[in-house]
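Residues per chain are reported as follows:
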Amino acid sequence: MKLRQLFLLSFTLLLVFCKKPKPEIGVITQKAMVVSAREEASKIGSDILKKGGNAFDAMVATELALAVAYPYAGNIGGGGFMIYRKNDGEIGALDYREKAPLAAHKDMYLDSLGNVIEGKSTIGAMAVGVPGTVAGVFEAHKKLGSLPIEEILQPVIDLAKHGVIVTKKQEARIKEYQPKFLEANNESIIFDKHWKENDTIKYAPLAETLTQIQKNGRDEFYKGETAKKLANFIQENGGIITEEDLAKYEAKWRTPITFQYDDLRIISMSPPSSGGVCLAQIMNAIESYDLDTYQHNSLKYIQVITEAERRAYADRSHFLGDPDFVNIPLDTLISKNYAKLRMNDFSFEKPTSSKDVSHGTIEMIESDETTHYSIVDQFGNAVSVTTTINGAYGSKLYCSELGFFLNNEMDDFSSKPGEPNMFGLVGAKANEISPEKRMLSSMTPTIVEKNGKLFMVVGTPGGSTIITSVLQTILNVHEFKMGMQEAVNQPRFHHQWLPDIIKMEPIGFGIKVKNKLEKLGYAIDETNSLVIGKVDAILVLPDGKLEGGADHRGDDTAVGF
């Protein structure tokens, strides 16, 4: 009898421990939602929607609130991209990417021997591109907003005045980058102080800058007193941006990249972002494989995606740049036939070596520390926005008088064709530096339709890993029927052609799968990929409700009603 009871007890315990835990369900709301990197920004955006504002009003509020609450990547000293879908199905893309100054030239980061000068394109005033954020939010509001801009900006100004509570993750980030702040700045800045979790940082100079923008509009930043102060500050610190550079800056409307994957229509960002093109290439390349029959993150699943990524990133390096400066064979790159040709030499038996993968043959006449937010309003409009100052705290150069960090976006150009940038991405002539040119990006703000209706809003920071993180999140929902939060929580992997390694988050992948990959000849790196992406996404559920996916890898939060 005792033996039987022991057997039953063992069997019961086995069932308990083998039972798959229930997937986490994200915040669910009835009408509207904002998901961003900080709760304060999501709440301000959601409150604007509650007041009767639309997704584009909330975009302005959320973007500028992130400039206050999340200076690590949120900004008015950087730029970004917006994808939108209105409730009537109209879609569009806004490019407010930074630009190279008028005095920029293709060899500006090379020494007399033609070698890249270490740090010149990543830290300090020479790394700064002409900022586009303020122009971007005003342009979006001018075309699509509904509430007065003064009303939208007020809660952001109040947040800057009253201050933002430091989170545990923010405390660690500030501490990590303080040596770089000392290197980049001639004088002490607010972030030199030893900030701890639950401290409150007040941003009085930024509140004043935003107040002047509230009073005088976007021209305050590009032609007013703020522009004069900013240009002087950059030049005093050895940079080349002038008042003329600021005055000439304009955001630009673009045509989104659109393509079909099964019964989904993907709407993503066009060049100078490489996001939409690479996403299309990868998804076209994997569409013919029955991914849903493979186990999630299994050997075959990882192989197919890795090999498709390898080929897409090789093409990214060669063909993509600012479409106002280079001819890009878009139609070919995003065609299903081209993707099929690129995968012809793929075999499950062994990896394709990146040294054997060049760009595709076509006849012809991208930050790690970025931030993303997704919005769906009560009217059915959707906005997907990724914005950045490139590296963590950008160039680390902080204008104390105006209250914000400046980007180091110039590093996203090819300082020298064939040389990798700070994210290991190798560039070519299409992305070389030229005055007023926009640098290539990996930002991939994306909206997904299913059967003609809004289905998902998704995006992430993560430099070169942005594209692959967006890809895997979409596949988690579409191929493996996950909910939004469950899809966001999954471990992620990444391949970008060069270096020829599969980056993997160290938690979540089975040892057997990793061993099999290595046995086949794949190199795996878990050391520099503790976090791959911080996805913020919204899924429209079958009953019309919204589920937020806010990434626990950061302080990201979904707020709505």
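None of these values were measured; they are calculated from a predicted model. (Residues numbered from 1 in each chain as written. Predicted model: local features only at pLDDT ≥ 70, side-chain atom pairs only at ≥ 80, totals over all residues. Heavy atoms only, no water.)

**Points about the UniProt feature "active site" (unreviewed entry) in the protein chain**
The sites that carry the UniProt feature "active site" (unreviewed entry) are, in the present numbering, Thr-370. Tracing the backbone through its elements, the reader meets Thr-370 in strand S10 (residues 370–376). In this structure Thr-370 comes out as buried when scored by relative accessible area, which is 2%. Once residues lying within four places of it in the same chain are set aside, the contact partners of Thr-370 are Ala-73, Thr-386, Thr-387, Thr-388, Asn-390, Met-443, Pro-461 and Gly-462. (UniProt positions renumbered as here; feature names shortened; annotations may be inferred. Helix = DSSP H or I, 4+ residues; strand = E, 2+ residues; numbered from the N terminus. Buried < 20%, exposed > 50% of the residue type's maximum accessible area, 1.4 Å probe, protein only. Contact = heavy atoms within 4.5 Å.)

**Quick look at helix H9 (residues 225–236)**
The terminal C-alpha atoms of H9 lie 16 Å apart, and with 12 residues this matches the ideal 16 Å at 1.5 Å per residue to within 8%. Its buried side turned inward, H9 meets helix H7 (204–216), helix H8 (219–222), helix H10 (243–248), strand S12 (398–399) and strand S13 (404–405). Of the residues flanking the end of H9, it is Gly-238, one or two places downstream, whose phi is positive at about 95°. (Expected span 1.5 Å × (residues − 1).)

**As for the packing of helix H11 (residues 275–286) against helix H12 (residues 299–319)**
Between H11 and H12, whose axes approach to 9 Å, the crossing angle comes to 145°. Considering the relative orientation of H11 and H12, their crossing is right-handed. Of the residues in H12, those touching H11 at Cys-278, Gln-281, Ile-282, Ala-285 and Ile-286 are Val-304, Ile-305, Ala-308, Glu-309, Ala-312, Asp-315 and Arg-316. Class assignment for the residues of the contact of H11 with H12 results in eight nonpolar, one polar and three charged. (Axes fitted to C-alpha atoms, helices over the stretch in contact; angles between N-to-C directions. Left-handed = near helix turned anticlockwise from the far one by under 90°. Nonpolar A, V, L, I, M, F, W, Y, C, P; charged D, E, K, R; others polar.)

**Some details on helix H4 (residues 133–144)**
For H4, with 12 residues, the first-to-last C-alpha span of 16 Å sits near the 16 Å given by 1.5 Å per residue. Counting buried positions along H4 gives 10 out of 12 residues, so the element sits mostly inside the fold. Thr-133, Val-134, Ala-135, Gly-136, Val-137, Phe-138, Glu-139, Ala-140, His-141 and Leu-144 are the residues of H4 that are buried.

**Observations regarding the environment of Leu-153**
Secondary-structure assignment places Leu-153 in helix H5 (residues 149–162). With 92 residues separating them in the primary sequence, Leu-153 and Ala-61 have C-alpha atoms 6.4 Å apart.

**Examining the pairing of S10**
For S10, the buried fraction is high: seven of the seven residues fall into the buried class. In the sheet, strand S2 (residues 33–36) pairs with S10 via three bridges, with the strands oriented antiparallel. Following the sheet pairing, Met-33 is matched in S10 by Val-376. Of the strand pairs in this sheet, S10 and strand S11 (residues 382–388) are connected by seven bridges, and their pairing is antiparallel. Looking at S11, one finds that Val-376 is bridged to Ala-382. (Pairing = 2+ DSSP bridges.)

**Overview of the packing of helix H2 (residues 39–50) against helix H3 (residues 55–69)**
Taken N-terminus to C-terminus, the directions of H2 and H3 make an angle of 155°; their axes are 8 Å apart at the nearest point. In terms of axis orientation, H2 runs roughly antiparallel to H3. Here H2 and H3 pass one another in a crossing that is right-handed. Where H2 approaches H3, its residues Glu-40, Ala-41, Ile-44, Gly-45, Ile-48 and Leu-49 are matched on the opposing element by Ala-55, Asp-57, Ala-58, Ala-61, Thr-62, Ala-65, Leu-66 and Ala-69. Its residues assigned to classes, the contact of H2 with H3 shows 10 nonpolar, two polar and two charged. (Parallel < 35°, antiparallel > 145°, perpendicular 65-115°, else oblique.)

**Section: the UniProt feature "binding site: L-glutamate" (unreviewed entry) in the protein chain**
Those places that UniProt annotates as "binding site: L-glutamate" (unreviewed entry) correspond, in this numbering, to Arg-97, Thr-388, Ile-389, Asn-390, Asp-412, Ser-441, Ser-442 and Gly-463. Set against the largest cavity, the annotated residues named above that line it are Ile-389. One can find Thr-388 in strand S11. Classification of Gly-463 as buried rests on a relative accessible area of 0%. (1 Å grid on protein atoms, 1.4 Å probe; cavity = no way out; pocket = protein on both sides within 12 Å on 5 of 7 lines; lining within 4 Å.)

**What about the packing of aromatic side chains?**
In total, this model carries 24 aromatic pairs according to the counting rule given. Summarising the aromatic geometry, the rings of Phe-221 and Phe-404 are spaced 6.1 Å apart at their centres and angled 35° between planes, so their arrangement reads as tilted. A single burial state applies to Phe-221 and to Phe-404, both of which are buried. Taken together, the aromatic side chains of Tyr-70, Tyr-72, Tyr-177, Phe-181, Phe-191, Tyr-203, Tyr-393, Tyr-398 and Phe-405 make up a single cluster linked through ring pairs. The ring of Tyr-72 carries Arg-173 above its face, with NZ or CZ at 4.7 Å from the centroid. Over the aromatic face of Trp-195 sits the side chain of Lys-193, whose NZ or CZ is 4.2 Å from the ring centroid. (Phe/Tyr/Trp six-rings, centres within 6.5 Å; stacked < 30°, edge-to-face > 60°. Lys NZ or Arg CZ within 6 Å of the ring centre and 35° of its normal.)

**Thoughts on the confidence of the model for the protein chain**
Per-residue pLDDT for the protein chain has a mean of 93; in total, 93% of the residues score no lower than 70. Low pLDDT (under 50) marks residues 6–18, which in the prediction has zero contacts with non-local residues, meaning those over four places away or in another chain. Contacts of residues 362–366 to residues separated by more than four positions or lying in other chains number 20 contacts, the stretch itself having pLDDT below 50. (pLDDT = per-residue confidence, 0-100.)

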